[in-house]
Amino acid sequence: AQSVTQLGSHVSVSEGALVLLRCNYSSSVPPYLFWYVQYPNQGLQLLLKYTTGATLVKGINGFEAEFKKSETSFHLTKPSAHMSDAAEYFCAVMGYSSASKIIFGSGTRLSIRP
Amino acid sequence: KAGVTQTPRYLIKTRGQQVTLSCSPISGHRSVSWYQQTPGQGLQFLFEYFSETQRNKGNFPGRFSGRQFSNSRSEMNVSTLELGDSALYLCASSLEVSQLTDTQYFGPGTRLTVL
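A brief report on the enclosed structure follows. The written sequence of each chain sets the order in which its residues are numbered from 1. Starting at A for chains and at 1 for ligands, labels are handed out in the order in which the entities are written. For this predicted model, a pLDDT threshold of at least 70 governs which residues receive local features, and a threshold of 80 or more governs which side-chain atom pairs are given and counted, while totals over whole chains, interfaces and linings are taken from all residues. With hydrogens and water excluded, all non-hydrogen atoms of the structure serve as input to the side-chain values.

Below, the discussion takes up the pattern of salt bridges. One speaks of a salt bridge when a side-chain nitrogen belonging to Lys or Arg is within 4 Å of a carboxyl oxygen belonging to Asp or Glu. On inspection of all chains with the given rule, the structure shows 7 salt bridges over all chains. Of the charged contacts in the structure, one is a salt bridge between A:Lys58 and A:Glu64, with a shortest N-O distance of 2.7 Å. For A:Glu64, a relative accessible area of 23% translates into the label partly exposed. A salt bridge links A:Lys78 to A:Asp85; the shortest N-O distance between them is 2.8 Å. Exposure is judged per residue with a 1.4 Å probe applied to protein chains only, and the accessible area is read against the type maximum: over 50% gives exposed, under 20% gives buried, and values in between give partly exposed. Its relative accessible area of 2% is what places A:Asp85 among the buried residues. When salt bridges with common partners are traced through the structure, they connect B:Arg63, B:Glu82 and B:Asp85 into a single cluster.

Let us look at the packing of aromatic side chains. Only Phe, Tyr and Trp rings are paired, with Trp represented by its six-membered ring, and only when their centres lie within 6.5 Å; those with planes under 30 degrees apart are stacked, over 60 edge-to-face, the remainder tilted. Per the stated rule, a full pass over the model turns up 11 aromatic pairs over all chains. Consider the rings of A:Phe63 and A:Tyr89, whose centres lie 5.5 Å apart with planes at 50°: the pair is tilted. Of the two residues, A:Phe63 is situated in the loop between β6 (56-58) and β7 (64-68) and A:Tyr89 in strand β9 (residues 87-94); the sequence distance between them amounts to 26 residues. For A:Phe63, a relative accessible area of 2% corresponds to the buried category. What links up through ring pairs into an aromatic cluster is the set A:Phe34, A:Tyr36, A:Phe104, B:Tyr35, B:Phe45 and B:Phe106. Comment: elements are numbered from the N terminus, with helices defined as DSSP H or I runs of at least four residues and strands as E runs of at least two.

Moving on, we get to the interface of chain B and chain A. In this description, contact between two residues means that some pair of their heavy atoms is separated by no more than 4.5 Å. Taken together, the 19 residues of chain B in the interface contact 21 residues of chain A. Carbon and sulfur atoms make up 58% of the surface buried where chain B meets chain A, a total of about 1,500 Å² over both sides. Where chain B meets chain A, there are 0 salt bridges. Whenever two N or O atoms come within 3.5 Å, that pair is a polar contact, provided that in protein one can donate a hydrogen and the other can accept it, and provided that, for residues adjacent in sequence, both atoms are side-chain atoms. On inspection of chain B and its partner chain A, the count reaches 3 residue pairs in polar contact (both at pLDDT 80 or more). Going through the elements one at a time, β4 (31-38), β5 (42-50), β6 (53-57) and β9 (87-94) of chain B are the ones with two or more residues in the side of chain B that touches chain A. Basically, the charged four are Asp, Glu, Lys and Arg, the nonpolar ten are Ala, Val, Leu, Ile, Met, Phe, Trp, Tyr, Cys and Pro, and anything else, Gly included, counts as polar. Partitioned by chemical class, the residues of the side of chain B that touches chain A number 8 nonpolar, 8 polar and 3 charged. Accessible area, probed at 1.4 Å, shrinks when two parts are joined; the buried area is that loss added up over both.

Now the structure itself:
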């Protein structure tokens, strides 16, 4: 069975500081991994996804994530936080099978301090 | 190109009633997925439809059902509503069936409150 754990339900950083949102997964096979962002009163938006190939994945809005199989992690980073990055972020995992269902983490709320 | 639209945006029902939510995908998209978001259970996959066929289903009771029409619009129905069904219901569309290879675009959701 697959699962995903997001460490820290709330992360607060200063504007201009590094953003690091942690995600660890559990899967019996190499999974597909996703990061989504949800702004208040809106649906989800895909930031980036890892399927195969390069383990460092670049996404929209300056975010990137690195797939580390040995650590079963897929942490999301951004070098310099912007006020507009304040939102909820969800890590998700999915298997290769067509019958596989996407499983989301519990989310991390990112706050940006001026 | 218009995004995914969901109607209604807000809905209040009482226990025991049934409700139908509607989702219109982005033009040209053939796959529609539904998700439930609650503070307690988080985001959970409900089901996915492609070309009017249910391709995948999450672990929800039979009270939750859906369908897709020939124009790719989708509806989901919840019968015999329970308090725990109060949630934000999100719809997402994509060009093809696979969430793995194709980006999903989400609508703003329908917030259902069950009293």
